[in-house]
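# Examining the three-dimensional arrangement
Here's the letter readout for the chains.
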Amino acid sequence: MQGWRWAEADKVAREVLEDAFRIAGALVHPTWNEGQPEWTIEAGTLIKRTRCANCGKELPEGHFKFCETRCQNSYNKRLGRLRSAQEDEAVRMAVQYDF
């Protein structure tokens, strides 16, 4: 609106956002693995679960992450496929479009 070229306006907007993110402490992004639901908060930190990490059913007595071996195997296979997939394939697998 002040007669700036698009490139100049984009640069100023980027600088304003970078300053805001820096003030908010949001410049450090987690790694891909840290953003996944199975990631623990810190090494050695345990998350107390009441539901299966795969299917969401209530955990039986003595089970800490999965309700049964079948859920554990399914979860680990899916996680393995995501980790070995190329980026585009990983996005497709994660999103699972339903049309």
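Below or above, wherever it landed, is the structure these notes cover. (Residues numbered from 1 in each chain as written. Predicted model: local features only at pLDDT ≥ 70, side-chain atom pairs only at ≥ 80, totals over all residues. Heavy atoms only, no water.)

### Some words on the overall build of the chain
Rule in force here: Secondary structure elements follow DSSP: runs of H or I of four or more residues count as helices, runs of E of two or more count as strands, with numbering from the N terminus. Residue contacts are counted whenever heavy atoms from the two residues lie within 4.5 Å of one another. Each accessible area is a Shrake-Rupley estimate made with a 1.4 Å probe; only the visible protein chains count as cover when residues are assessed.
Check the secondary structure of the chain and you find 3 helices and 0 strands. Contacts in the chain between residues at least 24 apart in sequence constitute 13% of all its contacts with a sequence separation of at least 6. Accessible area of the chain: about 9000 Å², with a carbon and sulfur share of 54%.

### As for helix α1 (residues 6–24)
The condition that has to hold: Expected span of a helix, by definition, is 1.5 Å for each gap between consecutive residues, and there is one gap fewer than residues.
The end-to-end C-alpha distance of α1 is 27 Å, a good match for the 27 Å that 19 residues give at a rise of 1.5 Å each. Positive backbone phi, approximately 75°, marks Gly25, located one or two places after α1.

### A few points about the pattern of salt bridges
Under the convention used in this document: Think of a salt bridge as a Lys or Arg side-chain nitrogen and an Asp or Glu carboxyl oxygen that are within 4 Å of each other. Exposed residues in this analysis have more than 50% of their type's maximum accessible area, buried residues have under 20%, and partly exposed residues fall in between, with area computed by a 1.4 Å probe over protein chains only.
Using the criterion set out here, one finds 2 salt bridges in the structure. One salt bridge connects Arg22 with Asp19, and the closest N-O pair in it is separated by 2.5 Å. Note that Arg22 and Asp19 are positioned in helix α1 at a spacing of 3 residues, about one turn of the helix. Residue Glu68 is joined to Arg70 by a salt bridge in which the shortest nitrogen-to-oxygen separation is 2.9 Å. What makes Arg70 exposed here is its relative accessible area of 62%.

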